[in-house]
Amino acid sequence: MPVVMSRTKCSLLLLAANVMIPLGMLIFMTGLFRSRPWAAAGGQDDAVPKPQRHAAPPFDKVIFMVVDALRRQVQALSRRLDMKFQRLTLDVVSHLIRSGAAIPFTALAAMPTLTVSRIKALTQGSSQSFLDAWLNVANSPEAMRLDGEDTWLSRLKASRRGTKKIVFYGIEMWVDLYPDVFDRKEDFSSFHVPGLTNIDTNVTRHLPDELARDDWAALVLHYLGLDCIAHMGGPRSAHMRPKQLEMDSVVESIYRTLETEAHMEGTLLVLLGDHGMTAQGNHGGRLPEELAAATVFISPWLQGTTSIRRDSPLPTAQDYLYYSTVNQIDIVPSLSGLLGFPIPERNAGVFIPELLPALGDGDAATEFLVENARQLRHALGSSKQHLDANSNLSRQDGSCTDCEECGSELGRAMCLWDGVVEAEKNWQIAPSAEAREILKSSVYKACFAKVTQSLLGVAVDNVSLGRLLIGMACLVVAVGLTHRSYTSLDVTKWPLFAATASHAATMFIPWLVEEEHHYWYWGSLAWLVYLASTRARGPDRPLVPSVGLVALQFLSQCVNQNGTKYSIAEHMDDFIFENPVVLWIPVLLSHTSAGLSIAQNLRAGLGRHAAFGAALALCAAAVIFKLSSTYDFNPELLGFVSHQAQHFIATLSQDRLVKAFWTGLLSCLVYYLLHHRLGANPLRSDTTRKVVELFNLYLRSQTRPKNLPLFLMFDYQLQVLLKMNLSAVETATTVLLLGQSGFYSMGRSNSIATLDLLNGFNGLGASSVVGVMLQTVLSNWIGPVWWLFAGLRLLSSQADTKQEPLGGKQNGNAVNFHDKQSSSSRRGEGQKSRVEAGESPYFEYLALHTMFSGLSSLALTVVCVYTWGHEDLWNVFAPKFINASLWAFFYQLVMNCLGCSSVWFIINDAE
């Protein structure tokens, strides 16, 4: 009884520690990711200056057409791409650019490059907080709601005094953010990624009716199909070009209406992307291809406002910058000037210089520039971040005589503002062309607008220090509980201690956090070399398997690139794209290997033929589902298959295939558990191996075809490690290093942009929100999860020595007493005492992993506090914190507490 009580106490302490880790991360997150603060009425100006415009605006209505993930390079289409799809056409947008009816830009977005954040920036004209990263995932209407928010939409609506409507068609995020703005709308859910290409059709079907109406001032359209195709199949997907042509046809139909209908004469069409996309079709980070978004202002009236003629399409640019480069938030004041409504109060954008001729004569353009400058000055004064510094600066006796010599950027902005005020006075006294140019120069060339925009664009540290400290305290408690539950923990467990200490140290080096895969790659290689050198000795321990263990680890790191250009993985991508048949060879080998293992596991109870048939049906369902899903998203990867086979694959029901596959998995699992309980003394390792191999087959269905060769490598590595008879500490270290390395080997990183959203929907509908989120996290952390369960196999194979009889056979397996005796003697009396205290290899394994997770999470929170006020907090550590938080929630709460602990209780019967 005391032993049982001690074991129960230790288990409860460890369970509490695993709950405290995600709880601490959650509390810390709520203190770190908060909305931007603004003073209610602060600064030196108590109210936003009311504009005094004497000239009528050039446009009276706007069509704001957002094509999600429209990267500038996507729009700069090449003739080679057109030939590939056997359609040599003139791109309508390119034609309009060449004619002068369209003025193109590359609009640079800011982090996070997620749809919610970009919608806010495009409507408010201000940078956003990293809180949007969670709102984009949670998609909660109540959390996103911004009633009464000052946007160009609300300003335009107010300026029309209720005579004109604001109309919207697109994803629900716009309506969730601004529910009180739109007078006529139809929104569609953006949750179910595989089915989102239908949204574009629903948006377009409303266009003819709306273009025929004259009762609206703004028509907002948000097309999501291109972004969904990118997420599912990448920019190279065969669906990408048809979708671009579809968007081009929409622009063509709108432009024809602008040319022919009298009531659309004063309408401006703005075609833009909210962000770009990576080479894998994702977004969320700060790579150049994610920040560069295409933006085009289109109107027949623009042809007479400029003599500049631009070429289109342009050659591919490596930096993704085409034509003039502007900030994405500059679109907001530009719309204000072109449509004649006041600039939103919190705007940090600057009117785009190339659009100044559209405002008419020089005086009208100059008046608006002054209005924009005053609004920026007011925004700077009312910003809580700069309010105190501004007050202190105003109390100083003198000011900078040379703005370049000012001691701070805020002081420089104030000095430049004085220059703008002086230039405005001179222009009002003597309104000459020279005075007007000096005033323009003081806003643009003297950099007042640029400096002020950079100050307003800095991420605001609106953190809650109390929540940060509470979150850190929870992590400290979790570490303490783990140490208390595992009384024999000390620094003598040097492998895992070294990994924990060195990893915590790397958290203080920003570039190592961004390139964290280097740490795990080199760390895992060094550890496997150590194991190989200590185990591969003697005539009965061949060197070849150990060398293969290390070689495969290196090879696995070359499958996917992690931001490194001209890498082996990049060449592999090109080779697979040109020779897709090569991709499916390891796919078949991976499932064949899994099928043979499952057939062997079922053979004892079902017989050879029935077991082979069941395993074949199970793996065939998995392979056919993989073929079907790939054909839907990347049909070019099945181009080598005959048209009849492609047609057959296209007619298959993916939901039925997945459900049949899951039914087979569940049936096998139930059979294994019943056989374990009712069989004649089955080995624990045998049952564990069967369950883990079944789960590994499920993991194969949750990954992209390109990553399936990694499972063959993992299987071989596990077989070699099983023969090394690792201790619990060595097992925990091996699983940690190989699992984290596997995470990056499968194409993941600390950037939000590498999250794969597709596999989370396998077999689940749009209503299964929790299931989709859990499956999405699982599909992104397959590497660590695979090695987590591999660790159970490594431990269970050692535990059989206590269960096996002395000599004889169990389940047909001969047992050699002398082979087991040496293994048992190495454990010694120390392990026996630990077992009596409630500690077993399984418990030790879980405790060591919990200790690493707690200490690593604690180190990350300390670094976030340490870098408070530095841009690295938001550019580097915030994405890392999101990544760590997702893993903490999934691994600690779901896998470690509910999964591994349950397996431990099932397997680790009374010893």
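Model, not experiment: these values are computed from the prediction. Throughout this document, residue positions are counted from 1 along each chain, in the order its sequence is written. Local features are withheld for residues below a pLDDT of 70 in this predicted model, meaning they are given only at 70 or higher, and side-chain atom pairs are given and counted only at 80 or more; totals for whole chains, interfaces and linings count all residues. With hydrogens and water excluded, all non-hydrogen atoms of the structure serve as input to the side-chain values.

**Comments concerning the packing of aromatic side chains**
The geometry of two aromatic rings is summed up by the distance between their centres and the angle between their planes.
Here is step 1: In summary, the pairing rule links any two rings of Phe, Tyr or Trp, Trp by its six-membered ring, whose centres are within 6.5 Å, and it sorts them by plane angle into stacked for under 30 degrees, edge-to-face for over 60 and tilted for everything else. Taken as a whole and assessed by the stated rule, the structure comprises 23 aromatic pairs.
Here is step 2: Ring centres 5.4 Å apart and planes at 40° place the aromatic pair Trp-417 and Phe-448 in the tilted group. Within this pair, whereas Trp-417 is found in helix 18 (residues 409-429), its partner Phe-448 is found in helix 20 (residues 448-456), the two being separated by 31 residues in sequence.
Here is step 3: Relative to Trp-787, the ring of Trp-786 has its centre 4.9 Å away and its plane inclined at 75°; by these criteria the two rings are edge-to-face. Across the pair, exposure class does not vary: Trp-786 and Trp-787 are buried alike.
Here is step 4: Here the aromatic cluster, defined as three or more aromatic residues joined through ring pairs, consists of Phe-64, Trp-152, Phe-168, Trp-174, Phe-182 and Phe-341.
Here is step 5: By definition here, charges over rings are those cases where NZ of Lys or CZ of Arg is within 6 Å of the ring centre and within 35 degrees of the ring normal. Here Lys-61 stacks its cationic end above the ring of Trp-216, 4.7 Å away from the centre of that ring. Here a helix means four or more residues in a row that DSSP labels H or I, a strand means two or more in a row labelled E, and each is numbered from the N terminus. We call a residue buried when its accessible area falls under 20% of the maximum for its residue type, exposed when it is over 50%, and partly exposed in between, using a 1.4 Å probe and counting protein chains only.

**Remarks on the nonpolar core**
Here is step 1: We define a nonpolar core as any set of buried Ala, Val, Leu, Ile, Met, Phe, Trp, Tyr and Cys residues linked to one another through side-chain atoms lying within 4.5 Å. Counting residues in hydrophobic clusters, the biggest one holds 127 residues, and the most contacted among them are Phe-64, Phe-297 and Leu-335.
Here is step 2: Considering every element that reaches this core, the biggest residue donor is helix 18, with 9 residues.
Here is step 3: Within the second largest apolar cluster, 82 residues are counted, among which are Tyr-519, Val-559, Leu-738 and Val-777.

**As for the pattern of salt bridges**
Here is step 1: Any carboxyl oxygen of Asp or Glu within 4 Å of a side-chain nitrogen of Lys or Arg constitutes a salt bridge here. Counting across every chain of the model gives 20 salt bridges.
Here is step 2: Each of Arg-184, Glu-210, Arg-213 and Asp-215 takes part in a single network of salt bridges with overlapping partners.

**Considerations on a nonpolar patch on the surface**
Here is step 1: Exposure above 30% relative accessible area and the absence of a salt bridge qualify a residue for a patch, where like charges join within 9 Å and nonpolar side chains (Val, Leu, Ile, Met, Phe, Trp, Tyr) within 5 Å. Values of accessible area rely on a 1.4 Å probe in the Shrake-Rupley scheme; residue burial ignores everything except the protein chains shown. Side chains of Phe-508, Ile-509, Trp-511, Val-862 and Tyr-866 sit close together on the surface and give an oily, nonpolar patch of about 530 Å² of accessible area.
Here is step 2: If you trace the backbone, Trp-511 turns up in helix 23 (residues 510-514).

**Here's the deal with unusual backbone geometry**
Here is step 1: A cis amide bond links Met-111 to the next residue, Pro-112, at an omega of -10°.
Here is step 2: On the secondary structure map, Pro-112 appears in the loop between strand 2 (102-108) and helix 5 (115-124).
Here is step 3: Positive phi, normally seen in glycine, also occurs at Ala-69, with a value near 70°.
Here is step 4: By relative accessible area, Ala-69 is classed as buried at 0%.
Here is step 5: You will see that Tyr-323, though not glycine, has its phi angle at about 55°, which is positive.
Here is step 6: With respect to the helices, strands and loops of the structure, Tyr-323 is situated in the loop between strand 7 (292-298) and strand 8 (324-327).

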